[in-house]
Each structure stands twice: as C-alpha cells, then as structure tokens.
Amino acid sequence: MPGVPELSNPMAAVPERPSGPVRELPAVQARRLALEAWREARLNSPSGREHFLSTVDSWLERGWSVAYYGTGSRVMLYSCGAPGAWLPSSPPPRRMNLPRGIGRLAGVYTGAPLFPGDKGDYREPGAAEPPVRGADASELVLGVHGEDLYVMYRDEASAATAHVGAAFSARTYGEARERGLEVDDRRRCLDYYVELVCRAHEDVDEEFLRTRSTQDLWNAVRPADDQPFDVTEHPCFGDGDWRSMPTVRGPWADAAFRELFGPLERDWETGRERIPAEHVNDVLAYLRDHDWTAARDDALFAAFWPDA
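Note that the coordinates shown come from a computational prediction; the quantities given were computed from them, not determined experimentally.

**Focus on the overall build of the protein chain**
Right, on to step 1. When its secondary structure is counted, the protein chain shows 10 helices and 8 strands.
Right, on to step 2. Within the protein chain, the fraction of its 308 residues that count as buried is 44%.
Right, on to step 3. Put simply, of all contacts in the protein chain between residues at least 6 apart along the chain, 66% involve residues at least 24 apart.
Right, on to step 4. Summing over all exposed atoms, the protein chain offers an accessible surface of approximately 16100 Å²; the carbon and sulfur share of this is 49%.

**Remarks on helix 5 (residues 186-200)**
Right, on to step 1. Taking 1.5 Å as the rise per residue, helix 5 with 15 residues should run 21 Å; its terminal C-alpha atoms sit 20 Å apart, in good agreement.
Right, on to step 2. All of the buried residues in helix 5 are Cys189, Leu190, Tyr192, Tyr193, Val194, Leu196, Val197 and Cys198.
Right, on to step 3. The distance from a side-chain oxygen at the start of helix 5 to the backbone nitrogen of Arg187 is 3.2 Å, and the residue carrying that oxygen is Asp185.

**Some remarks on the packing of helix 5 against helix 7 (residues 214-221)**
Right, on to step 1. With their axes 9 Å apart at the nearest point, helix 5 and helix 7 run at an angle of 55 degrees to one another. Accordingly, the angle class assigned to the pair helix 5 and helix 7 is oblique. Considering how the two elements wind past one another, helix 5 and helix 7 form a crossing that is left-handed. Only Thr214, Gln215, Leu217, Trp218 and Val221 of helix 7 make contact with helix 5, whose side of the interface consists of Arg186, Cys189, Leu190, Tyr193, Val194 and Val197.
Right, on to step 2. Residues of the contact of helix 5 with helix 7, tallied by class, amount to 8 nonpolar, 2 polar and 1 charged.

**Examining the packing of aromatic side chains**
Right, on to step 1. In this structure the tally under the stated criterion is 16 aromatic pairs.
Right, on to step 2. Taken together, a centroid distance of 6.0 Å and an interplanar angle of 90 degrees make the contact between Phe229 and Phe237 edge-to-face.
Right, on to step 3. With a relative accessible area of 3%, Phe237 lands in the buried category.
Right, on to step 4. Plain terms: the ring middles of Phe257 and Phe261 are 5.0 Å apart, the flat faces sit at 65 degrees to each other, and that makes the pair edge-to-face.

**Quick word on the sheet that holds strand 5 (residues 148-153)**
The pairing of strands in a sheet happens through backbone hydrogen bonds and is either parallel or antiparallel.
Right, on to step 1. If you trace the 5 strands from one edge of the open sheet to the other, you get 6-7-5-4-8, paired in mixed fashion. Here the strands that pair on one side only, and so sit at the sheet edges, are strand 6 (265-267) and strand 8 (294-296). Mean inter-strand twist for the sheet, computed between neighbouring axes without regard to direction, equals 35 degrees.
Right, on to step 2. Across 6 bridges, strand 4 (residues 140-145) lies against strand 5 in antiparallel orientation. Across the sheet, the residue bridging to Leu140 is Tyr153, located in strand 5.
Right, on to step 3. Strand contacts of helix 3 (residues 154-169): strand 4, strand 5 and strand 8, with the helix running at about 105 degrees to strand 5, the strand carrying the most contacts.
Right, on to step 4. Contacting strand 4, strand 5, strand 7 (272-276) and strand 8, helix 9 (residues 280-289) crosses the sheet at an angle of about 160 degrees to strand 8.

**A few points about the pattern of salt bridges**
Right, on to step 1. Overall, the coordinates contain 21 salt bridges when judged by the stated rule.
Right, on to step 2. Here Asp282 ties to Arg32 by a salt bridge, and the two come within 3.0 Å at their closest N and O atoms. In this pair, Asp282 is assigned in helix 9 and Arg32 in helix 1 (residues 27-40), connecting sequence segments 250 residues apart.
Right, on to step 3. Taking relative accessible area as the criterion, Asp282 reaches 4% and is therefore assigned buried.
Right, on to step 4. Classification of Arg32 as partly exposed rests on a relative accessible area of 35%.
Right, on to step 5. Its salt-bridge partner being Arg154, residue Asp297 comes within 3.3 Å of it at the nearest N-O pair. With Asp297 in the loop between strand 8 and helix 10 (298-302) and Arg154 in helix 3, this pair connects stretches of sequence that are 143 residues apart.
Right, on to step 6. Three or more residues are tied together by salt bridges with common partners; here these are Asp148, Glu265, Asp267, Arg272 and Arg274.

**Re the nonpolar core**
Right, on to step 1. One finds Tyr68, Leu77, Phe257 and Val283 to be the most contacted residues of the largest nonpolar core, which totals 42 residues.
Right, on to step 2. Once you skip the residues sitting within four places of it in the chain, Val283 turns out to touch Leu142, Leu149, Val151, Phe257, Phe261 and Ile275.
Right, on to step 3. Core analysis: the next-biggest nonpolar cluster, separate from the first, contains 26 residues, Ala167, Leu190, Val197 and Leu209 among them.

**Observations concerning the packing of helix 1 against helix 9**
Right, on to step 1. Closest axis-to-axis distance for the helix 1/helix 9 pair is 10 Å, and the angle between their directions is 120 degrees. Between helix 1 and helix 9, the interaxial angle falls into the category oblique. In this structure, helix 1 crosses over helix 9, and the sense of that crossing is right-handed. When helix 1 is examined against helix 9, the residues Val28, Arg31, Arg32 and Leu35 are found in contact with a partner set consisting of Asn281, Asp282 and Ala285.

About the cut-offs
Residues numbered from 1 in each chain as written. Predicted model: local features only at pLDDT ≥ 70, side-chain atom pairs only at ≥ 80, totals over all residues. Heavy atoms only, no water. Helix = DSSP H or I, 4+ residues; strand = E, 2+ residues; numbered from the N terminus. Buried < 20%, exposed > 50% of the residue type's maximum accessible area, 1.4 Å probe, protein only. Contact = heavy atoms within 4.5 Å. Areas by Shrake-Rupley, 256 points an atom, 1.4 Å probe, with all protein chains shown as cover. Expected span 1.5 Å × (residues − 1). Polar contact = N/O pair within 3.5 Å; in protein donor to acceptor, adjacent residues only side chain to side chain. Axes fitted to C-alpha atoms, helices over the stretch in contact; angles between N-to-C directions. Parallel < 35°, antiparallel > 145°, perpendicular 65-115°, else oblique. Left-handed = near helix turned anticlockwise from the far one by under 90°. Nonpolar A, V, L, I, M, F, W, Y, C, P; charged D, E, K, R; others polar. Phe/Tyr/Trp six-rings, centres within 6.5 Å; stacked < 30°, edge-to-face > 60°. Pairing = 2+ DSSP bridges. Salt bridge = Lys/Arg side-chain N within 4 Å of Asp/Glu carboxyl O. Core = buried A, V, L, I, M, F, W, Y, C linked by side-chain atoms within 4.5 Å.

What follows is the structure in structure tokens.
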C-alpha cells in the first residue's frame, strides 16, 4: 500500500483504505519500532526523546491507534484516529517525523501506552546513562551490564554494591575494619594470619608459634590497623561466596514474566541470574504496567564489578 505523501496540508489528500486486513502489532514489537522511529528522527537529546515518546503515548491515551510505515530501519509513525479506524480517519493523521518517500504500512498498534513512567529510562542497552534522579529505596531498579539485564530492589542492590566497593577500596586492615569487613573472624582467618607472619619474618618458627594458646596466637598474629590489606588474597574474600551478585529473580519474575522474556539464566558458580539485555525497554514497561515502581540505573549494576 502506498504511504502518506508529504503534504503542507495533511487533510488535502489521504491514503486509500488498505485492500486487506491491517496487521495488528503486539506491544513489544510496537515499542521497538517506535524507538527505531525515534532514532531515525535523530531526536537525540533528552527533551527530544521525552517529546517523541510522550507524543506516542498521548495518542494512545486518547484512544487513537499508531500506524507504522516504512521498511527496514526507516520507520515513520502516524496517529490514525479512533481504535479500529483505517488511516486516516478523524482526526486526520499527524506525522511524527517527515516521510522520506513512499513506504508500506507495516502494521497498527492499538492498546495501552507503550512507554509508561519516566521516558528517560527507555534507551538502548549500550546507551549513555543520564543523571541519576532521587529515588525511593524500595523501588525496583533494572540495569544492563554487558549483554545481561538485572532487576532488583534498589535498597538491596545499593547495599550489595556498597559492600563490594568497600572491600575493593580498603587498602589497610584499619580501613577494612572501619567499613565493616569481616577481617577479625578468628575461625576463618587465624591460619592465614599465621602464614602472613611467617612470610614476613623468616626467623619465626611456625611450629613454635603454634604452641601458644589459641587466644595468645590470635593476639600475636592479628594484623595491625596500618598493615596492608589485599581483598583478592584474603580467605574471607578472594574467590569465596562473600560477594553478592545481581539477579533478576523476585516476585515480579512470575510465570507471565518468564513467558514473555524467557527463563532466567543462572551462573551456578557465582549465583548470578540474568536475562538478555535486549529486553530492557520491554521489561521496564512490563514492570510499570504491573504497578511496580521501576527505574533504570546501569551504573548501579556496574558497581557489582569494581575490579572489572
């Protein structure tokens, strides 16, 4: 079917009614095509994105449909009147960005708004991070790291990354103690501290050292506050299970969630659980549509790997 010609007056001419049934687009595909149209329009500023996506949602909130014209990556959007009406119906069609010629009708979406909540959170997995806004700690936060997508409660993710960051930033045992790291667990650390003392003082006889009582031995080998601390070598840290890993598992990831976005992928060695990053915008919309308070914060999830 021919597309809408570029006109100074959009009411002067209209496309013909399609010869067959129009293709109804599901929300996931409609959302992705709308984002392609936004990129094609080169509205790269935050205000440009806000205007573009808000306009699409305003059509749908009025009960109109969104028609998608174009081929490949060249997608153009039009409002098309009341639900179920053919292009252009009443009110007349309105262009989101100017057509570049004749295109084909790829389909029509009718339904709930495609971009609920903060429009600034809808962007590609590798897109630059906008400034982080003030947020309720009890909200959900989702983020992309590499090719993976994670979803957690913000307060849990923040606490986990703070603990990891504290461990990797501590340079002395005093700093480690100030930051609440478990470097004084006698049961787990005693043998390691004996090894450190013997390594630093070749004249120390380990067998003689161990003739002391456990408490005396601990007092003798427990590192002083100014002694260098190495998180990668310490047995309470290193490759152990002390390090929290991000996940996507939670009450939001129910059967309906997994049916839409696939099973949760688990790294059994570390406990990390994730889904593909390509779902980020659809997951964000899904969570908001299901009454979760959700925001995107890629930088928060990158903080799980300060040593990367």
